[in-house]
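# Observations on the model geometry
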Amino acid sequence: ASQSSTMPVQAAAYGVSPSLWAELSGHCPVTLARGPKLGDYASRALALKEGKKEFCVEYESKRYVMASAECMEEFLATP
């Protein structure tokens, strides 16, 4: 099996709000990962940023939206 098959790829977004179809209810997984690891729920929630459709990535048959181009590049390199 090729390693590239397990790496994320940039994908087309759907026309409706990402909160309806993207993982994490349309929030950026990179901002979640960058947030406090052991903080309380409120501080972790504050770290979350909404993703934007133009920064849509498919990984393991799921679609995620990133908050910025920088976040998308980071996710594409290290999911």
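## Some words on the side chain of Arg 63
The residue Arg 63 is located in strand 3 (residues 62-65) in this model. Here Ala 12 takes part through its backbone oxygen, which lies 2.2 Å from a polar atom of the side chain of Arg 63. In this structure the side chain of Arg 63 is engaged in a polar contact, spanning 3.2 Å, whose partner is the side chain of Glu 58. Setting aside its immediate chain neighbours within four residues, Arg 63 contacts Ala 11, Ala 12, Ala 13, Tyr 14, Trp 21, Ala 22, Glu 23, Cys 56, Val 57 and Glu 58.

## A look at the sheet that holds strand 2 (residues 56-59)
Reading across the sheet, the three strands line up as 1-2-3 and stay open at both edges, with antiparallel pairing between neighbours. What marks the edges here is a single partner per strand, and that holds for strand 1 (9-10) and strand 3. Two strands pair when backbone bridges link them, and strand 2 and strand 3 are joined in this way by four bridges, in the antiparallel orientation. If you follow Tyr 59 over to strand 3, its bridge partner there is Lys 62.

## Details of the pattern of salt bridges
One pass over the full model with this rule turns up three salt bridges. A salt bridge links Arg 34 to Glu 70, with the shortest nitrogen-to-oxygen separation between them at 3.6 Å. You can see Arg 34 sitting in helix 2 (residues 29-34) and its partner Glu 70 sitting in helix 4 (residues 69-77), a full 36 residues away along the chain. Glu 58 is the salt-bridge partner of Arg 63, the closest N and O atoms lying 3.2 Å from each other. Classification of Glu 58 as partly exposed rests on a relative accessible area of 27%. Because the salt bridges share partners, they merge into one network encompassing Arg 34, Glu 70 and Glu 74.

Scoring rules and cut-offs
- In every chain, residue numbers begin from 1 and rise along the written sequence.
- For a predicted model such as this one, the threshold for reporting local features is a pLDDT of at least 70, and the threshold for listing and counting side-chain atom pairs is 80 or more; totals across whole chains, interfaces and linings nevertheless cover every residue.
- Side-chain measures here rest on the full set of heavy atoms in the structure, leaving out hydrogens and waters.
- Runs of E in the DSSP output that reach at least two residues are strands. Runs of H or I that reach at least four are helices, and both are numbered from the N terminus.
- Side-chain atoms alone can form a polar contact between residues adjacent in sequence; in general such a contact is a pair of N or O atoms within 3.5 Å, and within protein one must be able to donate a hydrogen while the other accepts it.
- We call two residues in contact when some of their heavy atoms are within 4.5 Å.
- What makes two strands pair is DSSP finding at least two bridges between them.
- Here, a salt bridge means any side-chain nitrogen of Lys or Arg that lies within 4 Å of a carboxyl oxygen of Asp or Glu.
- Only protein chains enter the accessibility calculation, which uses a 1.4 Å probe; a residue is then buried when its area is under 20% of its type maximum, exposed when over 50%, and partly exposed in between.

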